[in-house]
Amino acid sequence: MIRAKDITLFKDNRKILDSIDFHVNKGEFVAIIGPNGAGKTTLIKVIVGLIKPSKGKVEIDGVKPEDFIKRRRGIIGYLPQKAIVNWSMPLKVLDVVLIEKVRPFGLFKRYSKEDLEKAEYWLEVFGVKDKINSYIKDLSGGEQQRVSLARCMFNDPEILILDEPNTAVDAVYNVKIYETLKKLCDERDMTTVMVTHDIGAVTMYVDEVMCLNVKLHCHGSPSLINYSEMLRTVYGQGLNIVIHGEQCKNCAFGINNDRTTH
Ligand SMILES: Nc1ncnc2c1ncn2[C@@H]1O[C@H](COP(=O)(O)OP(=O)(O)OP(=O)(O)O)[C@@H](O)[C@H]1O
Ligand SMILES: [Mg+2]
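These numbers come from a predicted model, not from an experiment.

**Q** How should I be thinking about the packing of aromatic side chains in this particular structure?
**A** What characterises a pair of aromatic rings is the spacing of the ring centres plus the angle enclosed by the ring planes. Throughout the structure, instances matching the rule amount to 3 aromatic pairs. Judged by centre distance (5.5 Å) and plane angle (35°), the ring pair of Tyr 178 and Tyr 205 falls under tilted. Of the two residues, Tyr 178 sits in helix 7 (residues 171–188) while Tyr 205 sits in the loop between strand 7 (191–195) and strand 8 (208–213), which places them 27 residues apart along the sequence. Across the pair, Tyr 205 and Tyr 178 agree in class, each one buried. Clustering of aromatic rings is evident, with ring pairs tying together Tyr 121, Trp 122 and Phe 126. Note that Lys 118 overlies the ring of Phe 154, its terminal NZ or CZ placed 5.0 Å from the centroid. The ring centre of Tyr 173 lies 3.6 Å from the NZ or CZ of Arg 146, which sits over that ring.

Below, the structure is given as structure tokens:
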């Protein structure tokens, strides 16, 4: 579904991305991890067609990302790292979820009953339905991120591209977000690419992990790659890693919380 071929990108004569090649299949849930400055946001922007690489190309269903979007052959839900919503605006949560609907006509356009029900549905999925009539400036950072996820899902995207959607979200809700995204990929055949710094818990939910630091150091199922060693290569030797999994015991992220140790 998403194919990156030999993506190389220079900024100010510095190589930000180096010969990146990968393929993401339809319905897959993929995490991109890597240290600050690794090029994750840059790669995401190349995938959604916001930045042109110096060399190489990205194709979505065989066409350029902008053509994929323009021809409305599919919809991409994109949540950037830096907010596109000004959270100090005097808007309510519902206005933000329906922002695509109301923008061309002004904020006072009436929306349909179906639109309202759909907005309520997605706010419920991300656990913020009770905030529907709250002003967005009154939400916590984690609640704002969950409202942003509901807004992304409102248009029924085929592809969801998320750049650190969970930085402000608490540990328990973080797991709920992963579970929800995994379910959406499985049930709707939605393809999700998510940048995250949560290098431990995410491995329990995603199909594939990409470890990026200018180069793509690995790409594969977390159970098949030598994840710990790869992370030390990408992040440095000082990293102490706890990988969560079936064996994970007495842990907020564990499958079975009855157990007592890692
Ligand atoms: N417009 C730009 N001009 C010059 N350098 C840039 C530009 N955009 C990004 N960079 C540089 O490219 C590198 C990668 O940036 P990027 O934002 O992709 O990193 P990241 O992996 O998303 O990091 P983080 O985890 O901090 O979000 C950084 O060193 C950054 O300073
Ligand atoms: Mg970034």
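**Q** I tried to follow the sheet that holds strand 5 (residues 76–79) on my own but got confused; where do I start?
**A** Adjacent strands of a sheet form backbone hydrogen bonds with each other and so pair up, either parallel or antiparallel. The strand order across the open sheet formed by 6 strands is 5-6-7-3-8-9, and the pairing between neighbours is mixed. One side of each edge strand has no neighbouring strand; the edge strands of this open sheet are strand 5 and strand 9 (215–220). On average, each strand axis in the sheet is tilted by 15° relative to the strand beside it, whichever way the strands run. In terms of strand pairing, strand 3 (residues 29–33) meets strand 7 through 4 bridges, oriented parallel.

**Q** Any chance you could explain the environment of Leu 231 here in plain terms?
**A** Looking at the secondary structure, you find Leu 231 in helix 8 (residues 227–235). When the C-alpha positions of Leu 231 and Gly 34 are compared, they lie 8.2 Å apart, and in sequence the two are 197 residues distant.

**Q** Just to check I follow, could you spell out the site of ligand 1 for this structure?
**A** Looking at ligand 1, there are 15 residues lining it, with Arg 14, Gly 37, Lys 40, Thr 41 and Thr 42 nearest. Here ligand 1 has 640 Å² of accessible area as a free molecule, and 65% of this is covered by the chains. Looking at the shell around ligand 1, the elements with two or more residues in it are strand 2 (14–24) and helix 1 (40–47). It is helix 1 that provides the largest number of residues to the shell around ligand 1, a total of 3 residues. Looking at the shell around ligand 1, its residues break down into 3 nonpolar, 7 polar and 5 charged.

**Q** What exactly am I supposed to notice about the nonpolar core here?
**A** For soluble globular proteins, the rule of thumb is that nonpolar side chains tend to be buried together. One finds Val 97, Leu 123, Val 147 and Leu 181 to be the most contacted residues of the largest nonpolar core, which totals 49 residues. Breaking this core down by element, the ones donating at least two residues are strand 3, helix 3 (93–97), helix 5 (113–125), helix 6 (141–153), strand 6 (159–163), helix 7, strand 8 and helix 8. Considering each element in turn, this core owes the most residues, 7 residues, to helix 7. When residues of this core are sorted by domain, at least three fall in each of domain 1 (1–75 + 157–262) and domain 2 (85–156). If we skip the residues at most four places from it in the chain, Val 147 touches Trp 87, Val 93, Val 96, Val 97, Leu 123, Val 128 and Leu 139. Formed by 31 residues, the second largest nonpolar core is a distinct cluster that contains Tyr 78, Val 195, Met 210 and Leu 216.

Rules behind the numbers
Residues numbered from 1 in each chain as written. Chains lettered and ligands numbered in written order. Predicted model: local features only at pLDDT ≥ 70, side-chain atom pairs only at ≥ 80, totals over all residues. Heavy atoms only, no water. Phe/Tyr/Trp six-rings, centres within 6.5 Å; stacked < 30°, edge-to-face > 60°. Helix = DSSP H or I, 4+ residues; strand = E, 2+ residues; numbered from the N terminus. Buried < 20%, exposed > 50% of the residue type's maximum accessible area, 1.4 Å probe, protein only. Lys NZ or Arg CZ within 6 Å of the ring centre and 35° of its normal. Pairing = 2+ DSSP bridges. Axes fitted to C-alpha atoms, helices over the stretch in contact; angles between N-to-C directions. Near = heavy atom within 4 Å. Areas by Shrake-Rupley, 256 points an atom, 1.4 Å probe, with all protein chains shown as cover. Nonpolar A, V, L, I, M, F, W, Y, C, P; charged D, E, K, R; others polar. Core = buried A, V, L, I, M, F, W, Y, C linked by side-chain atoms within 4.5 Å. Domains from an automatic or database assignment. Contact = heavy atoms within 4.5 Å.

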